[in-house]
Amino acid sequence: MTPHIPRTVRSLAALALSATLALAPAHAQLPSLGEGSDLSSGAERKLGERIARDLYRDPDYIDDAILVEYVQGIWQPLMAAARARGEVTGEIEERFAWQVLLGKDRSINAFALPGGWLGLHLGLVSVTATRDELASVLAHELSHVSQRHIARLVTQQNQQTPLVVAAMILGAMAAGKNPEAGKALITGSQALAIQSQLNFSRDMEREADRIGLGVMTAAGFEPQGFVTMFDKLTQASRLNDNGNYPYLRTHPMTTERAADMQARQQLAGRGPAQPTLEHAMAAGRARVLSHPAVDALRSAVAEAEGPGVAQMPKVRQAGVLYAGTLAAARLRDPATTDRLLARLEAVAAADPAAQRQARLLGAELALARGDTARVLRLVDVESGHRPDLLMGAQAQVQGGQAASAAQRLQTWVATRPRDAAAWQLLSSAYAAQGQALRAIRAEAEARVAQLDYTAALDRFKAAQDLVRKGGGDHIEASIIDTRARQVESLLREETLER
């Protein structure tokens, strides 16, 4: 999946794996499960990082703490189940990134990249009715990674180097933003290659279906979610593709796949997937964030204020009121925002998970208004939850409590060094205290977390210049020198790969 990387992510999501599949020769047959690959796990990780680097830089990449936490609440149990089942081995667990990047694209898309990177469009999140449906998509993509499908493709065709594969995927992303570039790429393909791409991907899809269903079931999700998600995609595949379902291009739906999942779900003997208020609210948030146009926001507010909302099922009410509240805030209509938030809180009152989502939304709105005292009343900075930590830290920095924010953020990044947003906030907290050297170093670490080694090295060198001018302590200076050398090494490796 690719973020609306305007339609780059549309391309990525649909083309990340797809661009690689197009390289397969017409006679290719999918290697059997467990068959060796000439592409090492380390090389695959680097291939994925090369692509992920561009995703981080895309303006449609979004690190929304509330949605990221919700997705992680589904992703982590899937990862644990995949480990327990032996799908994720020790080697690839250690070497691969296993990160899900969100994109603001409203298209229905998700994709797996080499080396454990996954993309998820908010458009897909917004159309799921249950967390089980979302789990089915993530489990399917996880299985593409765990079975190393891209590495197996590179081995099969034996004609293109991993670097060329990366170039193909990045080219597909560029084509999403430049239609003429897309036409040029398509012109170079023959019908036979396109046919082999579809045949090859169907084999992979069946494998990812089967393994993904086992993983999500073992993780405690209802297999019915796989079936209902298939129903949605199958229905969409019967309609003319207007570009909103790029997922179908790289994950072709067939009646056989749908029937197989239905049969496996029935054998599992589990109940239907149940919608929850919390998921409806997450889907409502995704809908607003992926449709930021004024007309779309007004439509969300109008629906929430419509006369029929009270007669809707409670789950539907929660999603509609959440979307309406957030949309009203985006439209800078505080009176409507407060009115809809109060109604949302009433609907969520008896559901702890939904209550928390309403509370976080309230904190977000208070932060936007500069009401830091209210933010700190609504969030629990000691809870260990990322949205609470980040919003609480922002409020503390704005409210003159930067030292407290810095202490908590330091503890957080010590065990989560990939959290670029936390590093950036830590930089702000240090700057607010006049600790310029530490602020610059934290900013550099934020760039490292997003694989932007050039920008990171620039910041580390700025920190070294500050030390030479007499700023900062010896211990911090030593850390900066070490990190600068490490990043220089990473940058050299990146340059050699080009």
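The following refers to the structure shown. A quick note: this is a predicted structure, and the numbers were derived from the prediction, not measured. (Residues numbered from 1 in each chain as written. Predicted model: local features only at pLDDT ≥ 70, side-chain atom pairs only at ≥ 80, totals over all residues. Heavy atoms only, no water.)

Now for helix H15 (residues 294-304). What H15 keeps buried is the set Leu 297, Ala 300, Val 301 and Ala 304. Buried residues of H15 fall within an arc of 95 degrees about the axis and therefore sit on the same side. Set apart from the buried face of H15 by more than 90 degrees, the exposed residues are Asp 295 and Arg 298. Contacts made by the buried residues of H15 are with helix H14 (277-290), helix H16 (314-330) and helix H17 (334-348). (Buried < 20%, exposed > 50% of the residue type's maximum accessible area, 1.4 Å probe, protein only. Helix = DSSP H or I, 4+ residues; strand = E, 2+ residues; numbered from the N terminus. Arc of directions from axis to C-beta. Contact = heavy atoms within 4.5 Å.)

Attention shifts here to unusual backbone geometry. Although it is not a glycine, Arg 148 adopts a positive phi angle of roughly 55 degrees. As for its position among the elements, Arg 148 is in the loop between helix H6 (131-146) and helix H7 (149-157).

Within a sheet, each strand pairs with its neighbour through backbone hydrogen bonds, oriented either parallel or antiparallel. Spatial strand order, S1-S2-S4-S3: four strands in an open sheet with mixed pairing. Sheet topology places strand S1 (61-62) and strand S3 (110-113) at the edges, where each strand pairs with a single neighbour. Strands in contact with H6 are S3 and strand S4 (117-121); relative to S3, the strand with the most contacts, it is inclined by about 20 degrees. (Pairing = 2+ DSSP bridges. Axes fitted to C-alpha atoms, helices over the stretch in contact; angles between N-to-C directions.)

What follows is about the packing of helix H18 (residues 352-368) against helix H20 (residues 386-398). The N-to-C vectors of H18 and H20 enclose an angle of 25 degrees; their axes lie 11 Å apart at closest approach. Here H18 lies roughly parallel to H20, going by the angle between them. Judged by the twist between their axes, the crossing of H18 over H20 is left-handed. For the pair formed by H18 and H20, the contact residues are Arg 356, Arg 359, Leu 360, Ala 363, Glu 364 and Leu 367 on the first element and Pro 387, Asp 388, Met 391, Gln 394, Ala 395 and Gln 398 on the second. Of the residues contributing to the contact of H18 with H20, the split by class is six nonpolar, two polar and four charged. (Parallel < 35°, antiparallel > 145°, perpendicular 65-115°, else oblique. Left-handed = near helix turned anticlockwise from the far one by under 90°. Nonpolar A, V, L, I, M, F, W, Y, C, P; charged D, E, K, R; others polar.)

Within the structure shown, the criterion is met by 27 salt bridges. With a shortest N-O distance of 3.5 Å, Asp 452 and Arg 57 are connected by a salt bridge. With a gap of 395 residues between them, Asp 452 in the loop between helix H23 (436-449) and helix H24 (453-468) and Arg 57 in helix H2 (residues 41-57) connect regions that are remote in the sequence. What makes Asp 452 buried here is its relative accessible area of 19%. Here Asp 338 and Arg 369 are joined by a salt bridge, their closest N and O atoms 2.8 Å apart. One end of the pair, Asp 338, is in helix H17; the other, Arg 369, is in the loop between H18 and helix H19 (372-378), and 31 residues separate them in sequence. Each of Arg 438, Arg 441, Glu 445, Glu 476 and Arg 483 takes part in one network of salt bridges that share partners. (Salt bridge = Lys/Arg side-chain N within 4 Å of Asp/Glu carboxyl O.)

The next thing to look at is the packing of helix H21 (residues 402-415) against helix H22 (residues 420-432). Between H21 and H22, whose axes approach to 9 Å, the crossing angle comes to 150 degrees. The handedness of the crossing between H21 and H22 is left-handed. Contacts between H21 and H22 involve Ala 402, Ala 405, Ala 406, Leu 409, Gln 410, Trp 412 and Val 413 from the former and Ala 422, Trp 423, Leu 425, Leu 426, Ala 429, Tyr 430 and Ala 432 from the latter. Considering only residue class, the contact of H21 with H22 consists of 13 nonpolar, one polar and no charged.

So, about the nonpolar core. Counting residues in hydrophobic clusters, the biggest one holds 80 residues, and the most contacted among them are Leu 78, Trp 98, Leu 102 and Leu 120. Per-element accounting of this core gives the leading share, eleven residues, to helix H3 (residues 65-84). (Core = buried A, V, L, I, M, F, W, Y, C linked by side-chain atoms within 4.5 Å.)

Looking now at the environment of Trp 423. The topology assignment puts Trp 423 in helix H22. Taking C-alpha positions, Trp 423 is 8.9 Å from Arg 447, a pair spaced 24 residues apart along the chain. Apart from residues no more than four positions distant in its own chain, Trp 423 is found in contact with Val 413, Pro 417, Arg 441, Ala 442, Glu 445 and Ala 446.

On to the packing of aromatic side chains. In this structure the tally under the stated criterion is four aromatic pairs. Each ring, one from Tyr 56 and one from Trp 117, has its centre 6.1 Å from the other, and the planes form 90 degrees; the classification is edge-to-face. Separated by 61 residues along the polypeptide, Tyr 56 in helix H2 and Trp 117 in strand S4 bring together distant segments of the chain. Taking the relative accessible area as the measure of exposure, Trp 117 reaches 2% and is therefore buried. Seen in terms of ring centroids, Phe 96 and Trp 98 are 5.8 Å apart; in terms of plane orientation they differ by 45 degrees. Their pairing is tilted. For the pair shown, Phe 96 and Trp 98 are each scored as buried. Of the aromatic side chains, those joined through ring pairs into one cluster are Tyr 56, Tyr 61 and Trp 117. (Phe/Tyr/Trp six-rings, centres within 6.5 Å; stacked < 30°, edge-to-face > 60°.)

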